[in-house]
Amino acid sequence: MTYKVIENLCIGCGACDYACPTGALAKTDSFLGLFEIDPYRCDACADCLPKCPEAAIVLDPEWVVCHGRGCPLTSTRLDMVECNIFSEQCEECGGPLWRHDGADWSCPRCDDARRVGCPKIRMLERFPMPDPAVVAE
């Protein structure tokens, strides 16, 4: 699971945005300036939860947790592998890049021919990644 913002509770204060280490929170283009969480960038660290004065951030059960339940990187055989949590994506499959022992970033499936990869990529068709140019505006 990752987190989501309940729109009718969010007051748009931005405290959650400042607490997020992955940049997963972004202001919407709505008049009120409410926030939403990019489920691909959210690693479920929960740093935003205590910052929200309205308790508007809750778990979203549709998504697996990065480095937690559902993530293959919790396996001891992959403990030296690091994930970039969608800060860059594979050009072929759209998944996040991994690296082993500080080597170059590569796609676990397309470049490294691993049978495991990020389980969040199965959600790409239902929930396309936000366009970074639109989010930055």
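A brief look at the structure comes next.

### Brief notes about the overall build of the protein chain
Broken down by element type, the protein chain carries two helices and six strands. Element order for the protein chain, N to C, with α for helix and β for strand: β-α-β-β-β-β-β-α. When each of the 137 residues of the protein chain is scored for burial, the buried share is 42%. In the protein chain, once contacts between residues fewer than 6 apart in sequence are set aside, the share between residues at least 24 apart is 49%. In the form shown here, the protein chain has an accessible surface area of approximately 8300 Å², with 51% of it arising from carbon and sulfur atoms. Of the side-chain charges in the protein chain, 13 are positive and 22 negative, and the distance between the mean point of each set is 8 Å.

### Some words on the packing of aromatic side chains
One pair of aromatic rings is described through two measures. These are the centre distance and the angle between the planes. As enumerated under the stated definition, the model contains two aromatic pairs in all. When the ring of Y40 is compared with that of W63, the centres are 5.0 Å apart and the planes differ by 80°; the resulting orientation is edge-to-face. In this pair, Y40 is assigned in the loop between strand 3 (35–37) and strand 4 (57–60) and W63 in the loop between strand 4 and strand 5 (81–83), connecting sequence segments 23 residues apart. The burial state of Y40 is the same as that of W63; both residues are buried. Among the aromatic residues, those joined into a ring-pair cluster are Y40, W63 and F86.

### Quick look at the environment of E91
Checked against the element boundaries, E91 lands in the loop between strand 5 and strand 6 (98–100). Residues E91 and C110 lie 19 residues apart in sequence; the distance between their C-alpha atoms is 9.3 Å.

Criteria and thresholds
- Residues numbered from 1 in each chain as written.
- Predicted model: local features only at pLDDT ≥ 70, side-chain atom pairs only at ≥ 80, totals over all residues.
- Heavy atoms only, no water.
- Helix = DSSP H or I, 4+ residues; strand = E, 2+ residues; numbered from the N terminus.
- Buried < 20%, exposed > 50% of the residue type's maximum accessible area, 1.4 Å probe, protein only.
- Contact = heavy atoms within 4.5 Å.
- Areas by Shrake-Rupley, 256 points an atom, 1.4 Å probe, with all protein chains shown as cover.
- Lys, Arg positive; Asp, Glu negative; His and termini not counted.
- Charge placed at Lys NZ, Arg CZ, Asp CG, Glu CD.
- Phe/Tyr/Trp six-rings, centres within 6.5 Å; stacked < 30°, edge-to-face > 60°.

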